[in-house]
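# Examining the three-dimensional arrangement
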Amino acid sequence: MKILGIETSCDETAAAVVEDGHRLLSNAVLSSMDLHAAYGGVVPEIAARSHIEAITPVVSEALHTAGCAWDDIDGIAVTYGAGLGGSLLIGVLTARTLAIVKDKPLYAINHVEGHVYANFLTESRAESPELRAYSLPARQPEFPMLALIVSGGHSQLALFRDHSDYTLLGQTRDDAIGEAFDKVAKVLGLPYPGGPSVGKKALEGNPRAFSLPKAKMPGKYDFSFSGLKTAVLRLAQAQVGKDYAFPSSGLAALLSEPQKADIAASFQRVAVETVVDKTMMAYEEFQPQSVVIAGGVAASPELRRQLSERLPCPISYTDPRLCTDNGAMIATLGCFKMLHGQPTANPYSLDIAPNLSM
Ligand code: KG4
Ligand code: ZN
């Protein structure tokens, strides 16, 4: 069974083909990230226009790399939420059109659930040297499975008893952890996206140079990152001796490189510790068979290091290219939906759901 997955919820136009829910046959991603870099974050209008230009070549590339003709494709899976409305529309309308014209079943995928399914890919197409280079876990995670989902738009802990059977244990009450990385990068004058650039700068700094607050939440497994984000801004302001009203965009020029590195390292340690602490608590309470991490921030070497160090069970990580937005995770979840005979979406009426939750 081969499923074509299409993902356009944010600034990546992505399509991929996955076989039987575990074999990666292609993973085409075209990002408009460079166009947003000058603004320090995604500009929805630019993202949507970029998807229009990119979607046809990206879908063609996904089929070509997979060595598939349309006859080989058994179904189409598409992200219908959560995400930016204008961006989601392009992917959903493309998938709807293809499902009608090529006469394929259509599966509507929740983006956040999709992220988790990147962890089910264990093999890649042998004919493709590029795909062979992906580092994938040796086997699929077992249920019950604890999933930490950390991205630019989401920070969630969920317990999966089985496919499509999960409980949301907690989530962020304000900013997502990736958003905090992106804002801290802005304060420190580091490039967008902030996760990789803050992570890189942090390598030169002392993670214990500054103590920053960890939010105490009423919900046991809930997160909050807005206080930490503000604390970093105040720390940077205190370091350069300007008051809080000073525009944050001018701060970076006044910070020395060692100051930036120490702030980046201290922030990263606390942000990552916050999600690892709750993952540990959930692990102890629910004793899952497996733990997975998903979403863009799951690419963070510091998150992987802290989790591996603290978890008493072995944990596998997927390739960082499958942590950030991609079509393969959407196709993989589509495979499981088809395998389990789950309802298909109506290609004549599937709507987007920008605020879809888990
Ligand atoms: O999953 P994703 O591509 O998009 C959303 O669904 O939001 O996640 C993007 C987020 C950004 O905030 C980015 O800064 C963060 O993931 N990110 C990282 C890394 N790569 C991307 N954070 C930490 N370390 C990384 N290597
Ligand atoms: Zn995402």
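Read on for an overview of the structure. The structure displayed is predicted, hence computed values, not measured ones.

### Comments concerning the overall build of the chain
A tally of helices and strands in the chain yields twelve helices and ten strands. Taken against the 2.2 N^0.38 rule, which gives 21 Å for 358 residues, the C-alpha radius of gyration of the chain at 20 Å falls within 12% of a compact globule. Reported as C-alpha extents along the three principal axes, the dimensions of the chain are approximately 65 × 45 × 40 Å. Per-residue burial for the chain yields a buried fraction of 57% across its 358 residues. Look at the contacts in the chain between residues 6 or more apart in sequence, and 72% of them connect residues 24 or more apart. When the accessible surface of the chain is split by element, carbon and sulfur atoms take 52% of a total near 14800 Å². With 30 positive and 38 negative side-chain charges, the chain shows a spacing of 6 Å between the two charge centroids.

### A few points about the coordination of the zinc ion (ligand 2)
Looking at the zinc ion (ligand 2), the protein donor atoms are His111 (NE2), His115 (NE2) and Asp325 (OD), and they sit 2.0 to 2.1 Å from it. The class of His115 is buried, set by a relative accessible area of 2%.

### A word on the environment of His340
One can find His340 in the segment after helix H12 (327-339). With 177 residues separating them along the chain, His340 and His163 place their C-alpha atoms 8.8 Å apart.

### Examining the site of ligand 1
Near ligand 1 there are 19 residues, and of these His115, Gly152, Asp182, Gly195 and Gly296 occur at the shortest range. Within the side chain of His111, an N or O atom sits 3.1 Å from an oxygen atom of ligand 1. Burial of ligand 1 by the protein amounts to 87% of the accessible area it has alone, namely 560 Å².

### Thoughts on the pattern of salt bridges
Any two side chains of opposite charge can pair, given that their charged atoms come close. Inspection of every chain in the model, using the stated rule, returns 20 salt bridges. One salt bridge in this structure joins Asp165 and Arg161, with 3.2 Å as the shortest N-O distance. Judged by relative accessible area, which is 31%, Asp165 ranks as partly exposed. Classification of Arg161 as partly exposed rests on a relative accessible area of 41%. Between Lys214 and Asp277 there is a salt bridge; the shortest N-O distance is 2.9 Å.

### A short note on helix H11 (residues 301-310)
Along an α-helix, residues three or four positions apart point the same way, because every turn accommodates 3.6 residues. Inspection of H11 places Glu302, Leu303, Arg304, Gln306 and Leu307 among the buried residues, and these make up the whole buried set. For H11, the secondary structure elements touched by its buried residues are strand E7 (145-150), helix H10 (257-286) and strand E10 (290-294).

### Considering the side chain of Thr318
By the element assignment, Thr318 lies in the loop between H11 and H12. Apart from the residues lying within four places of it in its own chain, the contact partners of Thr318 are Ala118, Asn119, Ser135, Leu136, Pro137, Arg304 and Cys323.

### Description of the sheet that holds strand E4 (residues 75-81)
One open sheet accounts for six strands, arranged E5-E4-E1-E2-E3-E6; its pairing is mixed. A strand with exactly one partner marks an edge of an open sheet, and here the two such strands are strand E5 (106-110) and strand E6 (123-124). Here strand E1 (residues 2-7) pairs with strand E2 (residues 12-19) via six bridges, running antiparallel. Residue pairing across strands places Lys2 opposite Glu19, the latter belonging to E2. Taken strand by strand, helix H2 (residues 44-66) contacts E1, E2 and strand E3 (23-31), and its axis lies near 20 degrees from that of E2. Contacting E1, E4 and E5, helix H3 (residues 85-101) crosses the sheet at an angle of about 155 degrees to E4.

### Structural notes on a negative patch on the surface
A cluster of acidic residues, Asp20, Asp71, Asp72 and Asp74, forms a negative patch on the protein surface. On the secondary structure map, Asp20 appears in the loop between E2 and E3.

### Here we look at H3
Taking 1.5 Å as the rise per residue, H3 with 17 residues should run 24 Å; its terminal C-alpha atoms sit 24 Å apart, in good agreement. The inward-facing, buried residues of H3 abut E1, H2, E4 and E5. Looking one or two residues beyond H3, the residue adopting positive phi is Asp103, at roughly 55 degrees.

### Observations regarding the sheet that holds strand E8 (residues 155-162)
Strand pairing in a sheet relies on backbone hydrogen bonds. The paired strands run either parallel or antiparallel. Overall, mixed pairing links the four strands, which are arranged E9-E8-E7-E10 in an open sheet. In the strand order of this sheet, the two ends are held by strand E9 (165-171) and E10, each with one partner. Within this sheet the neighbouring strands show an average axis-to-axis angle of 20 degrees, counted without direction. Strand direction decides the pairing type here: E7 and E10, joined by five bridges, are parallel. Bridge pairing in E10 links Ile149 to Ala294. With respect to the sheet, H10 is in contact with E7, E8, E9 and E10, its orientation differing from that of E7 by roughly 165 degrees.

Conventions adopted
Residues numbered from 1 in each chain as written. Chains lettered and ligands numbered in written order. Predicted model: local features only at pLDDT ≥ 70, side-chain atom pairs only at ≥ 80, totals over all residues. Heavy atoms only, no water. Helix = DSSP H or I, 4+ residues; strand = E, 2+ residues; numbered from the N terminus. Rg over C-alpha atoms; globule rule 2.2 N^0.38 Å. Buried < 20%, exposed > 50% of the residue type's maximum accessible area, 1.4 Å probe, protein only. Contact = heavy atoms within 4.5 Å. Areas by Shrake-Rupley, 256 points an atom, 1.4 Å probe, with all protein chains shown as cover. Lys, Arg positive; Asp, Glu negative; His and termini not counted. Charge placed at Lys NZ, Arg CZ, Asp CG, Glu CD. Donors = N, O, S within 2.8 Å, 3.2 Å for Na, K, Ca; no water. Near = heavy atom within 4 Å. Polar contact = N/O pair within 3.5 Å; in protein donor to acceptor, adjacent residues only side chain to side chain. Salt bridge = Lys/Arg side-chain N within 4 Å of Asp/Glu carboxyl O. Pairing = 2+ DSSP bridges. Axes fitted to C-alpha atoms, helices over the stretch in contact; angles between N-to-C directions. Patch = residues over 30% accessible without salt bridge, like charges linked within 9 Å, V, L, I, M, F, W, Y side chains within 5 Å. Expected span 1.5 Å × (residues − 1).

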